[in-house]
Every structure is written in C-alpha cells, then in structure tokens.
Amino acid sequence: MANPKFQSPKGVKDIFSPESEVRRKVLDIFAKQARLAGYGEIVLPLFEDIGVFSRVGESTEIVQKQMYDFQDKDNRQMALRPESTASVMRAFIQHRPVTPWKCWYEGAHFRYEKPQAGRFRQFHQVGVEVLGTNDPAADTEVISLAAKFFQEIGCGVEIVLNSLGGVESRANYLETLRDYLTARNNELSAQAQKTLSLNPLRVLDSKVEGDAAIISEAPEMKLSADDQKHFDDVKEKLESLNIAYTLNKRLVRGLDYYTRTAFEFIATNLDSSQDAVGGGGRYDGLSELLGGPKCAGVGFAIGIDRTLLALEETQKISTNTLDVFIAYVGAQTEAIQMATELRQAEISTEFSFDNRSLKAQMKLADKSGAKVALILGEDEMKQNSVSVIELRKASNQSLVPQKDLKAHLLKLLNA
RNA sequence: GUGAUCGUAGCUCAGUUUGGUUAGAGCGCCGGGUUGUGAUCCCGGAGGUCGGGGGUUCAAAUCCCCUCGGUCACCCCA
C-alpha cells in the first residue's frame, strides 16, 4: 500500500476476482434455492427512516451504537440498514401483499462497529421471510432452506435451536428474570449488570465465569402449552427431514423482536469468535411494533462474508476458467472479430492488447488458464485458417480452417 | 466503546533492539536469450518521499508524540 491519496473507508473492503467469483456463485446458489421453494425476490432500499430500525430494537447494541445514521438534506434522520427484517416488515405494511407471503433478499448491510475477524462495517446478507402464518411448517421450511443452501455450497454448519416463547410468555418470563437478576445484581459482573439494564435475556449469554452460578440458578423459561406444541412441531418436522440440530436454552439472538422459534447457524470450521454465519427466528409481534396489523412472521439472515470465510478452508467451489486465448501477429482486427464470434458461441475468449510479441502473448495465454491458444498470423491468414494449440496437453498444435474453428473448439473443450 | 499488536517495492517480508555512505530479498511485472510459439532455465529492467504529520538529533525506516489504516481479543453479532 504505497501512499494512495484515498483508500477504502474503515471496515470496508474491495473484492477482486477470483474471490468475487466464488461469492457470485454462492449468491446464485442461494437465489436458486429460494426460488425452488417458491420465494420471490424483494429489492429493498439500502436506507430507511431511522425509526424503522430503532423501533424494533431499542435495547439492542445494533440500534444503540452500531447504526450507520445520517441526516439528509431535508433534515430527515435516516440510517443505512443494519438488517433487513425490519425493512421487509415496513414494505409489507406499506404494500400489503397477499399472505402468506414469502420473499427473499440479498444485499449490503451496514453496522458502525470496530472491524474484526468476520466483522465489517459493510457486509453482505441473504435472507428470507415468511409473513402471515404461524404454521410451524413455515419455521421448518425456512430452516431447511438455509440448511440446503449451506449443504449446496459445502459449508458445514451446526444448527442451534431454541424457543423464546410467544409474545405473552416471553414478556412474563422477561419480568421474572429481571426480578431474579436484579435481586442478585451485586453478585453479577459489571458487564452483566450493564446488559441486565438493556435486556435481561442476554445476561443468560454472559461468558464471564463469575456469572455462571447465578445464571445456572436462574428461573427457566416456561413455555405455554401452545408455544410448547409449536416448538415440538417444528422439531418433529425437522427430524422428518433428517435435519440435525442441537438445543440451546441460552440462544437469545441480537434483536429483541424474536418470539418462539429462534435459531442460529454456526460454521463448524470457523474457530474465531465470529462463528455465527446466520440466524433467525419467529417475530410474531414485529408488525405491530411498526404500526402494522397483527401478523406472524419467520425468517433468517445469512452473512455471506462470514460464510465465504468459512468456505476458504475447504475451497469447495471452483471458479470458471477461460476457454480460449487468441494470440495474433499483425492481425488485431481479425482477432477481435474472431473473439466476438467465439463469445457469441459461448466460448469464453480473450486476447491481449498493445500488439505484444507472440512470445509475450503465449505467456499470457498460459497464465490466463485458457485451455486452448489460437495463433492468428500472416501464415494462417493466407490460408484462411488458425493454429490451434492445446495448452494443457503435451505439444499439440494443428492448423484448422477458420470455417471449422467453432466446431473444432467445441469438440476440444467438451472432451 | 475497551485493550493488544502491526504498517518498508504490486505481494510476502528482512533491516528498527545497539540512529550513520546511493533502503534489500523472494515472488510478481516488463524486456531479451536471432527469423512467429506457453511451463522450466539464463540475462537485464522498471518499481519505494520506509502509512501520514510533527518533534529530538550534525544525521531517523530506526528514538518520542499525534493521526490514519490493517489484524486480533473483549463487547456484540452476520
């Protein structure tokens, strides 16, 4: 990094090929899986009125200190989206699509945080939401869709599952827990005390050793009969699909709006503290929070940057390589024409600029990874033909009439 | 937000402890090794105001301060 006058902002990165190629592939696989399950894409704004997000998680860190907010020229308080569920909900309330409504999305999200392994200020998420049903089958479908995605891209994940109770039992439990923890406040770590004032549920997630005893003695969430039945149903259906999961009563999630089913996807080969590659759950009270009708919902979000990080170790996804490299001697125009024709036939083709020496061009051809090099020089032009060299095989060169070139190449490339 | 650590060619780094002639290596890049042929090999070349700013000194990549950025942990989360 010499002395560039400008560089990318803190916590934000440029992604070059071939890394970007892998990423594209992963995104395509997600889109395909979502469509296969009948989800339609929703393209949302990257920023919203700040209220859309702040309403939804007043006590969360995401809203309290990680919001990338700004004032526009009309003095409106806006925020770059830190997540998309709230945006989806806002769009739903605004346009009222027929329910049950299933959508998927993909795009950049922003959180004003100190960057770290697997954590950036701009990061890419994909996700789905199902609105207008509390059928446990929806929970299961959503989880199995994510599981299928991870399987397709070859990323090992552990599915962690919990139930946070319905809107009412969750609220009741929150009170019980708050009372209990407040009573023992002075025994808690300073960190936990701070968390307690924000969200008692998340104290259960404390990793401070001294808090362990207090946490283990804490009253447990009692699911109502309905909530328990719902949860059992979700589990049963997951089992019927052979989707393995582990239960964890401590799983709480970062946003406050979750109710009933909550889940997380933990990358098995990521040992950094940022090993959650995705998460989601049910949010049956969210619509009302944003001034909408009563409307149940369930969904998840998956962090693509982190997923890619987890994938790096396994390198399961291969990127495309070039098919043909055209080297030319005094025939640049013909080379361009030929490249255009081959591309038309969906043969990926490249040639070099700047009229370089044949030797230089052959070196480029080799480095480009092309399977075949073509030479278009005076001799070939005279005979209306092209020299075809199979780069990955021991010296294998032949002269092919230009009219037969396409067919010849297709045969070589498909062999 | 708290803390640690790093920042020298496009990349990976040496040199910083014990300040001192034109700042090095490997890889990569460009060119050449006779007429139009890739890996390998040989030869040559380009490329750095040592992240930026200030200070100490006869002298700073090397010491001090500030700042920006990277990395990592805590917090939290995707």
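Above this text sits the structure in question.
Here goes a summary of the coordinates provided. (Residues numbered from 1 in each chain as written. Chains lettered and ligands numbered in written order. Predicted model: local features only at pLDDT ≥ 70, side-chain atom pairs only at ≥ 80, totals over all residues. Heavy atoms only, no water.)

**Some words on the environment of R253**
Step number 1: You can see R253 is positioned in the loop between β8 (246–247) and β9 (259–267).
Step number 2: On the basis of relative accessibility, which here comes to 16%, the residue R253 falls in the buried class.
Step number 3: Measuring from C-alpha to C-alpha, the distance between R253 and G281 comes to 8.8 Å, with 28 residues separating the pair along the chain.
Step number 4: Discounting residues that sit within four places of it in the chain, R253 has contacts with R202, Y258, A262, F263, E264, G279 and G280. (Helix = DSSP H or I, 4+ residues; strand = E, 2+ residues; numbered from the N terminus. Buried < 20%, exposed > 50% of the residue type's maximum accessible area, 1.4 Å probe, protein only. Contact = heavy atoms within 4.5 Å.)

**Quick look at the packing of helix α5 (residues 136–153) against helix α10 (residues 225–240)**
Helix packing geometry: the angle between the two helix axes and the distance between the axes.
Step number 1: At a minimum axis distance of 8 Å, the contact between α5 and α10 shows a crossing angle of 40°. Looking at the two axes, α5 sits oblique to α10. The crossing of α5 and α10 is right-handed. Residue-level contacts link P136, A137, D139, T140 and I143 of α5 to H230, D233, V234, K237 and L238 of α10.
Step number 2: Among the residues making up the contact of α5 with α10, the classes are represented as five nonpolar, two polar and three charged. (Axes fitted to C-alpha atoms, helices over the stretch in contact; angles between N-to-C directions. Parallel < 35°, antiparallel > 145°, perpendicular 65-115°, else oblique. Left-handed = near helix turned anticlockwise from the far one by under 90°. Nonpolar A, V, L, I, M, F, W, Y, C, P; charged D, E, K, R; others polar.)

**Some details on the side chain of R81**
Step number 1: Relative to the assigned elements, R81 resides in the loop between β4 (77–80) and α4 (85–95).
Step number 2: Despite its burial, R81 remains without a salt bridge, the nearest opposite charge being carried by E48 at 7.0 Å.
Step number 3: Beyond its immediate sequence surroundings of up to four residues, R81 is in contact with L44, P45, L46, F47, F53, E106, G107, A108, H109 and F110. (Lys, Arg positive; Asp, Glu negative; His and termini not counted. Salt bridge = Lys/Arg side-chain N within 4 Å of Asp/Glu carboxyl O.)

**Regarding the sheet that holds strand β10 (residues 276–282)**
Two strands in a sheet stick together by hydrogen bonds in their backbones, pointing the same way (parallel) or opposite ways (antiparallel).
Step number 1: In space, the eight strands of this open sheet follow the order β1-β5-β6-β11-β10-β9-β7-β8, with mixed pairing throughout. Across the chains shown, the open sheet's two edge strands, defined by having one partner strand only, are β1 (40–41) and β8.
Step number 2: Alignment of β10 against strand β11 (residues 297–303), held across five bridges, turns out to be antiparallel. Bridge pairing in β11 places G281 opposite G299.
Step number 3: Packed on one face of the sheet, helix α1 (residues 19–36) meets β5 (101–110), β6 (122–131) and β11 and runs near 160° to β5. (Pairing = 2+ DSSP bridges.)

**Side note on a nonpolar patch on the surface**
Step number 1: A surface patch of nonpolar side chains, about 250 Å² in accessible area, is lined by L46, F47 and F70.
Step number 2: Among the secondary structure elements, F47 is positioned in strand β2 (residues 47–49).
Step number 3: Residue F47 is classed as partly exposed on the basis of its relative accessible area, which comes to 41%. (Patch = residues over 30% accessible without salt bridge, like charges linked within 9 Å, V, L, I, M, F, W, Y side chains within 5 Å. Areas by Shrake-Rupley, 256 points an atom, 1.4 Å probe, with all protein chains shown as cover.)

**Points about the pairing of β6**
Step number 1: Most of β6 sits inside the fold, with nine of its 10 residues counted as buried.
Step number 2: As paired elements, β5 and β6 share 10 bridges and run antiparallel to each other. For G107, the partnering residue across the bridge sits in β6 and is Q125.
Step number 3: Relative to β11, β6 runs antiparallel, the two being bridged by seven bridges. Bridging across to β11, E129 finds its partner in G299.

**A word on the nonpolar core**
Step number 1: Judged by nonpolar contacts, the single largest core of 40 residues is most densely connected at F30, F149 and F300.
Step number 2: At the level of elements, α1, β6, α5, β7 (157–163), α10, β9, β11 and α12 (304–312) are the ones that each hand at least two residues to this core.
Step number 3: If one sorts the elements of this core by residue count, α5 sits on top with nine residues.
Step number 4: By size, the runner-up hydrophobic cluster in this structure holds 32 residues, among which are I50, L131, L255 and L286. (Core = buried A, V, L, I, M, F, W, Y, C linked by side-chain atoms within 4.5 Å.)

**Looking at unusual backbone geometry**
Step number 1: A cis amide bond links S17 with the next residue in sequence, P18, at an omega value of 10°.
Step number 2: Considering the arrangement of structural elements, one finds P18 in the segment before α1.
Step number 3: Here T99 and P100 are connected by a cis peptide whose omega angle stands at -10°.
Step number 4: The topology assignment puts P100 in the loop between α4 and β5.
Step number 5: Non-glycine residue R260 carries a positive phi angle of around 50°.
Step number 6: A relative accessible area of 14% places R260 in the buried class.
Step number 7: For N384, which is not glycine, the phi torsion reads 55° and is therefore positive.
Step number 8: Turning to its location among the elements, N384 is positioned in the loop between α15 (378–382) and β15 (385–390).

**Thoughts on a positive patch on the surface**
Step number 1: A contiguous patch of positive charge, built from R356, K359, K363 and K367, is present on the exposed surface.
Step number 2: Structurally, K367 is set in helix α14 (residues 358–368).
Step number 3: Its relative accessible area of 67% is what places K367 among the exposed residues. (Charge placed at Lys NZ, Arg CZ, Asp CG, Glu CD.)

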